[in-house]
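Residue-level structural notes
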Amino acid sequence: MRDMKPSEMEKGQRRGKGVFTPPGARENLGFSKVWEMVSPRSAMGRRVKVRTRPFMPGMEAELEAEFDCLEMILSLWDTYPDSFFEITGILENAKDPFSAISLLRENRTLPPQEMFLIAHLCFTVNRLRQAMMVEQGGESGQGIKWPQKVVPPQLKDLESHVLPGSKGQPTFYVSDAYSEALAAVRKERREKEKALREEMSEEAEKVEKVLGKRPGLKEEIAVRNTEYELVEKARLMPELAETRETLTHVHFRLKPTQDAIRLEREISKLKRKERQLEEQVLQDLSLKVRQYLPEIQEAVRAIGDLDFLIAKGEVARSMGAVRPQIVGPCFSENGQGGRPQLPLVLEDAFHPEVKEEVEARGGTYQPISIEIDSTVSVITGPNMGGKTVALQTIGLCVAMVQWGLMAPCKGITMGLYDFIHFQSQEEEVPGLSSFAAEMVNLKEPLSRMDERGLILLDEIGRGTNPAQGLALYAAILQYYLENDVTCSHLIATTHYHGLADMLGVPHWQVKGVRPDSEKMKEAQINGENGLDWLYRHMDYALQKVGPDTPTPHDALLIARVLGINREIIEKAEGFLRGDEPDGEVKL
């Protein structure tokens, strides 16, 4: 194992920890579904995907190089769509030479089926290079320029060994061309087999004249046991041997002559010799193929990288995703070490799964724009107003970028994070209340204060006493403000009024129900179409407001829209106005 530089060791240690916390965050953010959309066509591409790990702080240059390659692929796709159609077809039909490569690494002989995989790899490389038009330029330089890592090396010399004189679809068998001795043994075997057939053919003709049936060289003939005379004739013939008798038939086969016995023995010896020579050919050929192992591995890596990049490009095209602007790493100007505050800016970002659901219900999805330039930021909004979706959108965009995917937005500027913590309302710990589960899950980001995290907290404390919940929530955010040294970003949603004002941090608010929708308060809306109405009239966009801006209150409207009895809604409105029905209740 090579020595690792300190920075490389740190990267490895960070990758060893959970990038998504708690365990359900990957699923709850929607990243799992997006990652499933990345579908390489070949086993080589799928292997690249499985081995992919996120880009961590300190790997900004590697990530930029990955996006350079992805941008180039997308540009070429737009310019040469027919070529990409052909390339994807080739990738779908590519065979996986993984087992053959493993045998070569272990200095073992390749059996014919594994040699075929190497032959098919040569065939695939030739077709890909033609489809990619990398050969066209020659010295004139007119060929298509591809990312270097996706261009497989030529394997023509290797092809000359495993596919001598082959045209069209590749096949592999140990042909006579590999060994003169093998060719001679096969020729002699074929001559002996011909002589054996001729010898036994004469015996078969004798049987046919007597019984009217002609047995094959290794086949039986059956005579009905009710044909007594015919059975007796067969038993008396020296050319036949009785093999078995059933309830209905007596079975016979040709009895080999002395010459036939001699020929069979000679053929058996020749077959053993043939197998030995074939094994020797495979051993010699494996030694030759092993000399090309670096080129084989490079070709497999290139095909896998090409396939994986195309798969990522398909996801980017389907979403209209864009390349991010990556910032950092750098050091603070005061000379005290650490990183300065790296911004997180999203412009018109959207969550693909939520957008699809909203539009399926006839609504118009409003993308979100937000600029996070403080350690802690607070998002408020009405019930069902999209606070959770805002966190999911931010977390998903960041996660996609760190896995080398383009982000679903018009623009994104960000630094890399060591981990993404998304504490959603759906996250549960078996056997614990919702509040206890929140406290357990909070221990993870608090234990990683020495790493740069994106911490997304969704209405912490909602399951306990409101006053204590607000105090605890404020204390957690204040702790981050006072102790963060890694430029982490904590974004907290809440229905508590005054949280942002208590801490003096940026306050973002979901716009909520559009003002022109207030007339719907008088409309007759039932629970059946209430959700559809909300999807059409709720504005999920974020706006930056003052720290003391009140939290919107649309609870009664939403309850009414979803079909709660009008009398109940009117009583609730009376309580809010200060009415005292029956002198018992006052709010």
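Considering the sheet that holds strand E1 (residues 20–21)
One open sheet holds the seven strands; their spatial order is E1-E10-E11-E12-E8-E13-E14, and the pairing between them is mixed. In this open sheet, the two edge strands, each paired with only one partner strand, are E1 and strand E14 (538–545). Note: strand E8 (residues 376–380) against strand E12 (residues 489–494), five bridges, orientation parallel. Within the sheet, the bridge partner assigned to Val378 lies in E12 and is Ala492. Packed onto the sheet, helix H15 (residues 387–402) meets E1, E8, strand E10 (419–423), strand E11 (453–458), E12, strand E13 (507–513) and E14 and runs at close to 160° relative to E11. In the packing of helix H17 (residues 466–483) onto the sheet, contacts are made with E8, E11 and E12, and the angle to E12 comes to roughly 165°.

Notes on the side chain of Ser377
Relative to the helices and strands, Ser377 resides in strand E8. Among residues more than four places away in sequence, those in contact with Ser377 are Ile372, Leu490, Ile491, Ala492 and Pro506.

Brief notes about unusual backbone geometry
Following Thr21, the chain continues into Pro22 via a peptide bond in cis, with omega recorded as -15°. Backbone geometry places Asp348, a non-glycine residue, at a positive phi of 50°. The residue Asp348 is located in strand E6 (residues 344–349) in this model. The phi torsion at Glu459 lies on the positive side, around 55°, for a residue other than glycine. Assignment of secondary structure puts Glu459 in the loop between E11 and H17. By relative accessible area, Glu459 is classed as buried at 10%.

Some thoughts on the sheet that holds E6
Read across the open sheet, the four strands follow the order E5-E9-E6-E7; overall the sheet is mixed. Each edge of the open sheet carries a strand with a single partner, namely strand E5 (325–326) and strand E7 (368–372). Its contacts with the sheet place H15 against E5, E6, E7 and strand E9 (411–414), and it is angled at close to 110° to E6.

Observations regarding helix H21 (residues 566–577)
Residues spaced three or four apart along an α-helix point in a common direction, a consequence of the helix completing one turn every 3.6 residues. If you check H21, its first and last C-alpha atoms are 17 Å apart, about what twelve residues at 1.5 Å a residue would give, namely 16 Å. Structurally, the start of H21 carries an N-cap: the backbone nitrogen of Glu567 is 2.7 Å from a side-chain oxygen of Asn565. Remark: Gly578 follows H21 within two positions and exhibits a positive phi of approximately 95°.

Calculation criteria
Residues numbered from 1 in each chain as written. Predicted model: local features only at pLDDT ≥ 70, side-chain atom pairs only at ≥ 80, totals over all residues. Heavy atoms only, no water. Pairing = 2+ DSSP bridges. Helix = DSSP H or I, 4+ residues; strand = E, 2+ residues; numbered from the N terminus. Contact = heavy atoms within 4.5 Å. Axes fitted to C-alpha atoms, helices over the stretch in contact; angles between N-to-C directions. Buried < 20%, exposed > 50% of the residue type's maximum accessible area, 1.4 Å probe, protein only. Expected span 1.5 Å × (residues − 1). Polar contact = N/O pair within 3.5 Å; in protein donor to acceptor, adjacent residues only side chain to side chain.

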